[in-house]
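One-letter residues, chain by chain:
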Amino acid sequence: MALKNLISRMPAYSFSSSSSAALSANKKWTRPVASVLELGGVKIARDDVMKDDPTNNVPDTIFSKLGMQLHMKDQHPIGILKNAIFEYFDSNYPQKFDKFDNLCPIVSVKQNFDDVLVPADHVSRSYNDTYYVDPQTVLRCHTSAHQAELLRSGHTHFLVTGDVYRRDSIDSTHYPVFHQMEGVRVFSPNDWEASSLDATSIAAGDLKTCLAGLARHLFGAVEMRWVDTYFPFTNPSFELEIYFKEKWLEVLGCGVMEQEILRRSGKLNNVAWAFGLGLERLAMVLFDIPDIRLFWSNDKRFTSQFSKGQLGIKFKPFSKRIIHREQFL
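Worth saying up front: this structure is predicted, and the values here are computed from it rather than measured.

**Student:** Please give an account of the overall build of the chain that cites residues and values.
**Tutor:** Assigned secondary structure in the chain consists of ten helices and twelve strands. By the burial criterion, 53% of the 329 residues in the chain qualify as buried. Taking the intrachain contacts of the chain between residues at least 6 apart in sequence as the baseline, contacts between residues at least 24 apart amount to 65%. When the accessible surface of the chain is summed, it comes to about 15100 Å², and 48% of that surface belongs to carbon and sulfur atoms.

**Student:** With reference to specific residues and values, describe the packing of helix α4 (residues 77-92) against helix α7 (residues 199-219).
**Tutor:** At a minimum axis separation of 10 Å, α4 and α7 run at an interaxial angle of 130 degrees. Overall, the two elements α4 and α7 adopt an arrangement that is oblique. Considering only the axes of α4 and α7, their crossing is right-handed. Facing Leu81, Ala84, Ile85, Glu87, Tyr88 and Phe89 of α4, the residues of α7 in contact are Thr209, Cys210, Gly213, Leu214, His217 and Leu218. A breakdown of the residues in the contact of α4 with α7 according to their chemical character gives eight nonpolar, three polar and one charged.

**Student:** Account for the sheet that holds strand β10 (residues 234-244), with residues named and values stated.
**Tutor:** Spatial strand order, β3-β7-β8-β12-β11-β10-β9: seven strands in an open sheet with mixed pairing. Every interior strand has two partners, whereas the edge strands, β3 (98-100) and β9 (223-231), have only one. Ignoring strand direction, the axes of neighbouring strands in this sheet form an average angle of 20 degrees. Where β10 meets strand β11 (residues 247-257), nine bridges bridge the pair, whose relative direction is antiparallel. Opposite Ile242, over in β11, you have Leu249 as the bridge partner.

**Student:** Lay out unusual backbone geometry in plain terms, naming residues and giving numbers.
**Tutor:** In this structure, Pro236 follows Asn235 across a cis peptide bond, with omega equal to 5 degrees. Tracing the backbone through its elements, the reader meets Pro236 in strand β10. The phi angle at Gln95 is positive, at roughly 55 degrees, despite the residue not being glycine. One can find Gln95 in the loop between α4 and β3. In this structure, Lys245 is a non-glycine residue whose phi angle is positive, near 55 degrees. Along the chain, Lys245 turns up in the loop between β10 and β11.

**Student:** Which residues make up the pattern of salt bridges, and what values do they have?
**Tutor:** A side chain of one charge can pair with a side chain of the opposite charge when the charged atoms of the two come close. Applying the stated rule across the entire model yields 18 salt bridges. Between Asp115 and Lys110 there is a salt bridge, with its nearest N and O atoms 2.8 Å apart. Under the relative-accessibility criterion, Asp115 is labelled buried at 6%. Since its relative accessible area comes to 44%, Lys110 is described here as partly exposed. Close ionic contact of Glu241 with Arg225 constitutes a salt bridge, the shortest N to O distance being 2.6 Å. You can see Glu241 sitting in strand β10 and its partner Arg225 sitting in strand β9, a full 16 residues away along the chain. Because the salt bridges share partners, they merge into one network encompassing Lys110, Asp115, Glu149 and Arg152.

**Student:** Can you tell me about the environment of Phe100, naming the residues and giving the values?
**Tutor:** In this fold, Phe100 is placed in strand β3. Counting along the chain gives 58 residues from Phe100 to Phe158, while the straight-line C-alpha distance between them is 7.5 Å. When residues no more than four places from it in sequence are discounted, the contact partners of Phe100 are Leu150, His155, Phe158, Leu159, Val160 and Thr161.

**Student:** Give a description of the nonpolar core that names residues and reports values.
**Tutor:** Ile85, Phe89, Leu139, Leu211, Phe219, Leu277 and Phe295 are the most contacted members of the largest nonpolar core, which has 73 residues in total. Considering each element in turn, this core owes the most residues, eleven residues, to α7. For Leu211, the residues in contact, after removing those within four places along its chain, are Trp226, Leu240, Leu252, Cys254 and Phe275. Counting residues in each nonpolar core, the second largest holds 24 residues, with Leu103, Val160, Phe233 and Leu262 among its members.

**Student:** Any details on helix α9 (residues 279-286)? Residues and values, ideally.
**Tutor:** Along an α-helix, a turn takes 3.6 residues, which lines up residues three or four apart on a common side. Of all eight residues in α9, seven are buried, a share of seventy percent or more. Backbone geometry just downstream of α9 places Asp288 in the positive-phi region, at approximately 55 degrees.

**Student:** Give a description of the pairing of strand β7 (residues 157-165) that names residues and reports values.
**Tutor:** Burial analysis of β7 places nine of its nine residues in the buried class, which makes it a mostly covered element. For β3 and β7, the ladder comprises three bridges, and the chain directions are parallel. Of the residues in β7, the one forming a bridge with Asp98 is Phe158.

Reading the values: rules and limits
- Residues numbered from 1 in each chain as written.
- Predicted model: local features only at pLDDT ≥ 70, side-chain atom pairs only at ≥ 80, totals over all residues.
- Heavy atoms only, no water.
- Helix = DSSP H or I, 4+ residues; strand = E, 2+ residues; numbered from the N terminus.
- Buried < 20%, exposed > 50% of the residue type's maximum accessible area, 1.4 Å probe, protein only.
- Contact = heavy atoms within 4.5 Å.
- Areas by Shrake-Rupley, 256 points an atom, 1.4 Å probe, with all protein chains shown as cover.
- Axes fitted to C-alpha atoms, helices over the stretch in contact; angles between N-to-C directions.
- Parallel < 35°, antiparallel > 145°, perpendicular 65-115°, else oblique.
- Left-handed = near helix turned anticlockwise from the far one by under 90°.
- Nonpolar A, V, L, I, M, F, W, Y, C, P; charged D, E, K, R; others polar.
- Pairing = 2+ DSSP bridges.
- Salt bridge = Lys/Arg side-chain N within 4 Å of Asp/Glu carboxyl O.
- Core = buried A, V, L, I, M, F, W, Y, C linked by side-chain atoms within 4.5 Å.

Written as structure tokens, this is what we have:
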């Protein structure tokens, strides 16, 4: 099946890829690159993603990360954090939120940018910022790439978790592959008509209550503040910050969804809120992990430190050896 036809289908696609050996302590190591990935039973060859196309800028090192899905590993810090967030929503909104954590990261330009109102001249569309498979296909830059499709499919409460890809320089806090979670809740007129508040105020208030509770679930009784900001896809828009370890930490971005997104999705009489958070950013703080590259390590001295369901176990450094860029790509 052609890659273009695969992308046009919405169901959650599964991946499988070969496992790799642990990092050598004394040698530079290069991860073997699988020639084929399996997405929902459909095999996608390396050449389907790394095309002979002048716009294609996906290297082997990025292709090798497709299908690794750290957020699906229950004993990995990213998976532990994802499950802790799921636990919060399951406890406070029982059987409300649909969860999607296996959606295909290869999406159309329309899904990644147009559907969430990213302007045509926005810097994120640049070949310097985004991995292009061809002029109309990219590796998703954010989990919001699935928002419009899910709304059109009738989902009104959902969480989307997945690996996202952005061209970036590598250092202790930046990496071209990381993991996000997106949350959306849609309100109907029945939710606000009996109130003295307008629909936007109802949605914004509910959003802040929900996310303040999530912050307490993850970090305990912390001081919080809301900062007004700008995102193309929400209005009003906010960032939630918490005072943690004697400094203010940005936790997530959120806001009331732009009506145009809802209108295009066939929801003419609704309002909605949405949030997005970076799992690595929070996991580094919660687990005291000093370098984002460690999340990709297979070294048992790292992986053996974490257990399913144990949020916030503090990482114990095992080496002062410099982390080389080549080892984690």
